[in-house]
Amino acid sequence: MHRKYFQLIQEHVTNLRQMVFLAGPRQVGKTTLSSFLKDAFTTVYYFNWDNADHRQLIMSGSKAVEEFTQLLRLRDQKPIIIFDEIHKFRRWKNFLKGFFDVYEDKCKIVVTGSARLDLYRRGGDSLMGRYFLYRIHPLSIGELLQTPILETEIQLPKEISVTEMQRLLQFGGFPEPFINQNMRFLNNWQRLRKQQLLREDIRSLSQIQDFSELEILSDLLIENAANLINVANLAKQMRITESTIHRWIKTLQEFYYCYTIKPWHTNVQRSLRKMPKLYLWDWSLIKDNKGKKIENFIASHLYKAAQFWTDSGLGDFELYFLRDKEMREVDFLMVRNHKPWFLVEVKSTNNQGISKHLYYYQKMLNIPHAFQVVYDLPYVNADCFQYHEPVIVPAITFLSQLV
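Below or above, wherever it landed, is the structure these notes cover. Because the structure is a prediction, the values reported are computed rather than measured. (Residues numbered from 1 in each chain as written. Predicted model: local features only at pLDDT ≥ 70, side-chain atom pairs only at ≥ 80, totals over all residues. Heavy atoms only, no water.)

**Things to note about the overall build of the chain**
Each helix and strand counted, the chain has 16 helices and 13 strands in total. For the chain, the C-alpha radius of gyration of 22 Å lies close to 22 Å, the compact-globule estimate for 403 residues. Along the first, second and third principal axes, the C-alpha set of the chain runs to 70 × 50 × 45 Å. Relative to its 403 residues, the chain shows a buried fraction of 56%. Taking as baseline every contact in the chain between residues at least 6 positions apart, the subset at least 24 positions apart corresponds to 67%. As displayed, the chain has an accessible area near 18400 Å², and 48% of this comes from carbon and sulfur atoms. Placing the 53 positive and 43 negative side-chain charges of the chain at their respective mean positions leaves the two points 4 Å apart. (Helix = DSSP H or I, 4+ residues; strand = E, 2+ residues; numbered from the N terminus. Rg over C-alpha atoms; globule rule 2.2 N^0.38 Å. Buried < 20%, exposed > 50% of the residue type's maximum accessible area, 1.4 Å probe, protein only. Contact = heavy atoms within 4.5 Å. Areas by Shrake-Rupley, 256 points an atom, 1.4 Å probe, with all protein chains shown as cover. Lys, Arg positive; Asp, Glu negative; His and termini not counted. Charge placed at Lys NZ, Arg CZ, Asp CG, Glu CD.)

Listed below in structure tokens is the structure:
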């Protein structure tokens, strides 16, 4: 399956000197993306830290990699060297810094990782200025439609079948279960991925020891998806300290199990400030096909769009929600270059009028666009970003205009 990210990566290694960092969840397609470079470039070397021979070569140092890849040989095109999962190497930052500083004019470097590649910044020299980070997300409506990468953020709407959108909601956006579209496969895939995440990735790269308790928390977070994180309640349920809950949730975020969205409080009187909302990278873990699952589905599209637009150089984008102490709430606020850009209120069905909170916050913050995105409405071939007053928009239309 062709991923939209490949064009970004290909353009980067063709035109820029910095290393490419591909970061994202386990099994989201980072290795497949990097392997596509073999079809576009003459010489590509691939080293996987989980391969014993490759690991030994990397641990032998930069000179050993240089000799293996014959970097000093005259070539008509610089070779590409891919280091997969190298963040598991305790000295990975120093290795990459040294390798890049010596051989940057001899090759192009691509680094992938299923834990955050900028996670371990304690000590040593910074890699700042030596890499660009591209955050890889699960599949989305825009990727299924194969919409092109533009010089602007928003696409014109394009129709996708309702069946295809429902499949994406049901099976999630990770490529393998989405392509298989089989519930038995999905259940087994989810179980295996959870084991690998908790008992391999987190065990090897964190200080957590009590994995049975961590597994219980991961299940509780599924139940609490699309809600405010109430750390006190979670700590009471699990009979552990609030500080432990905070630390474990942070770890699960760092390994792409979940992510959080903070409340926007600039110029919002009596705004909620501390409690974020939590969502899952794999929305298929949520078993209902209404309410929370649909909100998580749309949240993930928006979160992906914000990071894709940022990583591709279109500006600085962040996703928030709005809520004040009078319980006036809007599900999502997209912020562009530190200014509110558009609001999104998610509804499963179109059984009520436009939320009055959209009007309230749009006027208060002078936001250009406000959308009530409804999942069960049929596709409409109209650009919702042409409207500047609150408008009801089919999810199938709205999501097709994102990446």
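**Here we look at the pairing of strand β3 (residues 80–84)**
Among the five residues of β3, five are classified as buried, and the element is accordingly described as predominantly covered. Side-chain alternation along β3 places Ile-80, Ile-82 and Asp-84 on one buried face and Ile-81 and Phe-83 on a second face that is also buried. Pairing of strand β2 (residues 44–48) with β3 involves five bridges; the strand directions are parallel. Bridge assignment links Asn-48 to a residue of β3, and that residue is Asp-84. One ladder, built from five bridges, connects β3 with strand β4 (residues 108–113); its direction is parallel. Opposite Asp-84, over in β4, you have Thr-112 as the bridge partner. Between β3 and its parallel partner β4, the chain crosses via helix α6 (residues 92–103), and the hand of that crossover is right-handed. (Pairing = 2+ DSSP bridges. Right-handed = clockwise from strand over helix to strand, strands pointing away.)

**Focus on the sheet that holds β4**
Reading across from one edge, β2-β3-β4-β1-β5 is the order of the five strands in this open sheet, with parallel pairing throughout. Each end of this open sheet is capped by a strand with a single partner; those strands are β2 and β5 (131–135). Strand after strand, the sheet turns through a mean of 20° between neighbouring axes, direction not considered. Packing against the sheet, helix α5 (residues 62–69) makes contact with β2 and β3, and its axis sits at approximately 140° to β2. (Axes fitted to C-alpha atoms, helices over the stretch in contact; angles between N-to-C directions.)

**Some words on empty space enclosed by the protein**
Throughout the structure, instances matching the rule amount to two cavities of 30 Å³ or more. By volume, the largest cavity amounts to about 50 Å³. Every residue along the wall of the largest cavity is listed here: His-137, Pro-138, Leu-139, Ser-140, Trp-281, Trp-283, Ser-300, His-301 and Lys-304. Of the residues contributing to the lining of the largest cavity, the split by class is four nonpolar, four polar and one charged. Its boundaries defined by the atoms lining it, the second largest cavity holds a volume of some 30 Å³. What lines the second largest cavity is Leu-221, Asn-224, Asn-227, Leu-228, Ile-229, Asn-230, Leu-234 and Leu-278. Residues belonging to the lining of the second largest cavity are distributed by class as follows: five nonpolar, three polar and no charged. (1 Å grid on protein atoms, 1.4 Å probe; cavity = no way out; pocket = protein on both sides within 12 Å on 5 of 7 lines; lining within 4 Å. Points joined across faces, edges and corners; volume = space filled by probe spheres on them. Nonpolar A, V, L, I, M, F, W, Y, C, P; charged D, E, K, R; others polar.)

**Considerations on the sheet that holds strand β9 (residues 317–323)**
The mixed open sheet is built from eight strands, whose spatial order is β6-β8-β7-β9-β10-β11-β12-β13. With one partner strand each, in any of the chains shown, β6 (227–228) and β13 (391–394) form the two edges of the open sheet. Bridge count for strand β7 (residues 258–263) against strand β8 (residues 277–280) is four bridges, and the pairing is antiparallel. Across the sheet, the residue bridging to Thr-260 is Leu-278, located in β8.

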